[in-house]
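Architecture at a glance
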There are 2 protein chains.
Amino acid sequence: MTTLAVDCMGGDHGPRVTLAACRAFLEHHPDASLLLVGRPADLQGLAHPRARVVEATEVVVMDDAVEVALRRKKDSSMRVAIQQVKDGAADVAVSAGNTGALMAIARYLLKTLDGIDRPAIAYPLPNARGKATTVLDLGANVDCTEHHLLQFAVMGSALVAALANDDRNPTVGLLNIGEEVIKGNEVIKRAGELLRAAAAAGDLNFHGNVEGNDIFEGTTDLVVCDGFVGNVALKTSEGLAGMIAGFLRQEFSRNFLTKIAAAITWPVLSAIKNRIDYRRYNGAALLGLRGLVFKSHGSADEVAFEQALMRAYDAARNHLLDRVQARIAHAAPLLVPAATARPPEAAATATTI
Amino acid sequence: MTTLAVDCMGGDHGPRVTLAACRAFLEHHPDASLLLVGRPADLQGLAHPRARVVEATEVVVMDDAVEVALRRKKDSSMRVAIQQVKDGAADVAVSAGNTGALMAIARYLLKTLDGIDRPAIAYPLPNARGKATTVLDLGANVDCTEHHLLQFAVMGSALVAALANDDRNPTVGLLNIGEEVIKGNEVIKRAGELLRAAAAAGDLNFHGNVEGNDIFEGTTDLVVCDGFVGNVALKTSEGLAGMIAGFLRQEFSRNFLTKIAAAITWPVLSAIKNRIDYRRYNGAALLGLRGLVFKSHGSADEVAFEQALMRAYDAARNHLLDRVQARIAHAAPLLVPAATARPPEAAATATTI
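Report follows, based on the coordinates. All residue numbers refer to position in the chain's written sequence, counted from 1. Labels follow written order: the first chain is A, the first ligand is 1, and so on. In keeping with the predicted nature of the model, local features appear solely for residues at pLDDT of at least 70, side-chain atom pairs appear and are counted solely at 80 or more, and the whole-chain, interface and lining totals rest on all residues. Side-chain descriptors were evaluated using all non-hydrogen atoms of the structure, hydrogens and water having been removed beforehand.

Okay, the pairing of strand 4 (residues 92–95) of chain B next. All names here are of chain B. Buried, partly exposed and exposed residues are distinguished by accessible area as a fraction of the type maximum, computed with a 1.4 Å probe on protein chains only: under 20%, between the cut-offs, and over 50%, respectively. Counting from the N terminus, the helices are the DSSP runs of H or I reaching at least four residues and the strands are the DSSP runs of E reaching at least two. By the alternation rule, side chains of strand 4 split into Val 92 and Val 94 and Ala 93 and Ser 95, which are all buried. For two strands to be treated as a pair, DSSP must find no fewer than two bridges joining them. Direction of pairing for strand 4 relative to strand 11 (residues 292–295): parallel, over a ladder of 4 bridges. Bridge pairing in strand 11 places Val 94 opposite Phe 294.

Residue and element names in this part refer to chain B. Pairing is mixed across the open sheet formed by 11 strands, whose spatial order is 3-2-1-4-11-10-5-6-9-7-8. Looking at strand neighbours, the two that pair on one side only are strand 3 (51–55) and strand 8 (205–210), the edges of this open sheet. The mean angle between the axes of side-by-side strands here comes to 25 degrees, regardless of whether they run parallel or antiparallel. Bridge count for strand 1 (residues 2–7) against strand 2 (residues 32–38) is 6 bridges, and the pairing is parallel. Considered in strand 2, the bridge of Leu 4 is made with Leu 34. Note on contacts: a residue pair is in contact if any heavy atoms of the two residues lie within 4.5 Å. Orientation is described by axes fitted as lines to C-alpha atoms, over the contacting stretch for helices, and by angles from 0 to 180 degrees between their N-to-C directions. Sheet strands in contact with helix 4 (residues 99–110) are strand 4, strand 5 (120–126), strand 10 (284–287) and strand 11, and its direction is about 175 degrees off that of strand 11.

On to the interface of chain B and chain A. The interface of chain B with chain A comprises 55 residues on the first partner and 55 residues on the second. Counted as salt bridges are all cases of a side-chain nitrogen of Lys or Arg within 4 Å of a carboxyl oxygen of Asp or Glu. Here Lys 235 of chain A and Glu 211 of chain B are joined by a salt bridge, their closest N and O atoms 2.3 Å apart. A 3.5 Å cut-off defines polar contacts: any pair of N or O atoms within that distance qualifies, except that in protein one atom must be a possible hydrogen donor and the other a possible acceptor, and neighbouring residues in sequence count only when both atoms are side-chain atoms. The tally of links between chain B and chain A comes to 7 residue pairs in polar contact (both at pLDDT 80 or more). Residue assignment for the side of chain B that touches chain A shows that the elements contributing at least two residues are helix 6 (186–200), helix 7 (212–217), helix 8 (227–252) and helix 9 (256–276) of chain B. With 19 residues, helix 8 of chain B is the single largest residue contributor to the side of chain B that touches chain A. When residues are sorted by character, Ala, Val, Leu, Ile, Met, Phe, Trp, Tyr, Cys and Pro go into the nonpolar class, Asp, Glu, Lys and Arg into the charged class, and all the rest, Gly among them, into the polar class. For the side of chain B that touches chain A, the residue count by class is 28 nonpolar, 18 polar and 9 charged.

Residues and elements named next belong to chain A. Using the criterion set out here, one finds 22 salt bridges over all chains in the structure. Between Arg 254 and Glu 251 there is a salt bridge whose closest N-O contact spans 2.9 Å. Exposure remark for Arg 254: the relative accessible area of 52% places this residue in the exposed category. Judged by its relative accessible area of 6%, Glu 251 is buried.

A separate point is the relation of the copies chain B and chain A. For the match of chain B to chain A, the screw axis carries a shift of 0.0 Å, the RMSD comes to 0.0 Å, and the turn is 180 degrees. Look at the turn and shift together and you get a two-fold axis relating the two. Comparing interface residues between copies, 100% of those in chain B also sit at the interface in chain A, which points to an isologous, same-surface contact. When the copies are superposed, the least-squares fit draws on C-alpha atoms of residues that have pLDDT of at least 70 in both.

Owing to its 3.6 residues per turn, the α-helix brings residues three or four apart onto one side. Among all positions in helix 11 (residues 320–330) of chain A, only Leu 320, Arg 323, Val 324, Arg 327 and Ile 328 of chain A are buried. Within helix 11 of chain A, the buried residues cover an arc of 130 degrees as seen down the axis, which keeps them to one side. Regarding the arc, it is the one traced by the directions from the helix axis to the C-beta atoms.

Another point: the environment of Asp 114 of chain A. Residues and elements named next belong to chain A. One can find Asp 114 in the loop between helix 4 (99–110) and strand 5 (120–126). You can call Asp 114 exposed: its relative accessible area is 58%. It is 9.8 Å that separates the C-alpha atoms of Asp 114 and Leu 335, two residues lying 221 residues apart in sequence. In contact with Asp 114, other than residues within four places in its own chain, are Arg 290 and Ile 328. Among the polar contacts made by the side chain of Asp 114, one reaches the side chain of Arg 290 at a distance of 3.1 Å.

Attention shifts here to the side chain of Asn 141 of chain B. Mapped onto the elements, Asn 141 of chain B comes out in the loop between strand 6 (132–136) and helix 5 (146–163). Of the polar contacts made by the side chain of Asn 141 of chain B, one reaches the backbone oxygen of Pro 119 of chain B; its length is 2.8 Å.

Moving on to the sheet that holds strand 11 (residues 292–295) of chain A. Residues and elements named next belong to chain A. Strand order in the open sheet made by the 11 strands is 3-2-1-4-11-10-5-6-9-7-8, with mixed pairing throughout. With partners counted over all chains shown, the strands left at the sheet margins are strand 3 (51–55) and strand 8 (205–210), one partner each. Here the average twist between neighbouring strands, direction ignored, is 25 degrees. Sitting on the sheet, helix 1 (residues 15–28) touches strand 1 (2–7), strand 2 (32–38) and strand 3, and the angle it makes with strand 2 is about 170 degrees.

Given below as structure tokens:
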């Protein structure tokens, strides 16, 4: 039995969406149980033999400052859900709440793993091969050294392998502005050297440098970058997708003939929409902590939130935490400098994804 | 009369495309003249009273190293075209060749303007408002300080105003991972302070931080970022657009019915394609030099290359160089630290866009 602690109050829609997704998830996964975390009065909509309410009196809202979420709302549903993981009552926590708050609370309660300086957020994006490219970091760390990028590569490899329940080494690309090793800024060049050394030691399946277009082309299973660049790439993609969707709506609703064309084309367009539907790829992993936490998109609907639950469930039952720790142990000779080579830096500024 | 020096040998297609575009451009612009730079034998296809061949015996090819282009091919069409600008024979040079080589040669021959440490590449991208968002830098500078970002903002404002032949101050966004001033890495936070100071001094119309999605939403006329981030944003967008186009092709060619749907929908889809067609936005400006140089996409066809010629022509006749210098002079009190505050850094690593 795999147990998920679900922050039922988080996200743009709260229990209306999270409870519906939990119900569907329980129906589809007979060996899973849920801890529904939140205000009991709001969680009466779901009674199920494998679901139990865990009370939390407060809610972290989207515009709460990280400090407020962390210091003032000590009985928030987000925090109580993560506490379940810490206490061993749940295998993984899932929340659609404020990313910055979730990362800060998870880091505070669970602590980072040995060999890891900073947790990272790993996000799956659809690619042209019909699979997902996992990109990390996506906003948790805005000033990264080459050692952080190596840590991301090691942890991300464990994530991709766990979600596929596969022992093969996923391919890793280092996001850069050209394929040649001489390209990029100084951090990226040094990261390339470290990743090649890790590949030589059997820690990674390093493909080499990749460029922005490779994310959606699916050139590698994993794309590693600092959180600033990753966040810009993600948001830029969302902006472009939104623009194209807007143009489609405008052009198809222009007149009577275009509306007929829209009706005729509907099955084709919805097939395409389905292929790039972010909901099918919902569920980002917070990696590098002594416990599993997954983040759903805040605007997730029922389908999307269930997807995040499924990813969290797969990660937990395929022992993601053990896999991350095993890979860190294997890569330890290369990871050692991460903690000692440079002075500790300012706390990462988390962002909303 | 505005005179353009055209590197007719550059780009993926060479004279076949460049000459055809030059012919169309001359027809549409009766007060423009062209210097057609390249091997005379290859340029016989265009005889026009306002076009004159300027001989260059060598060609910079796409995979030439910057060093080779700069040191060994001293009679390349790219270099001779830029030399026309330096000599005052042309108002602006246009090339579809290797971006890194073009930037290096332009910088070597023309030198940078006082107050500018590094030239930047400014690229227009289509936005949801049906206009263009100009993004810079897009790959020329991979490790930027806040002073460089301020220089980009000042030069980019001059570009947008010149292309619109407008004296209003274009709105400027600083690319970040959140709108709040506390977001971002240290360079970005300091850049935000500088840009606010420049706005207070009347040098800029600074909107504030923007995120990746704002590029395609058209939130500001200009988006400023370092070349690494800008290049990743551009390439990621190209990757996503390519994926969506691929899915459209696959889904519409799936069977007989979808092929009929494609035929019926063709006018609508081509209207959308036209709205996001990069060819309509072709023509990146190299800013910060003592002369005007425009870069066309290497794969440009005739329509796209003519667009780059038109942008170069508009920039030249609307006195882009004077505007850049006037804005630099106005912002001089804030720009002074750029050259002195920090030790000179390693030469920028240029990239291909």
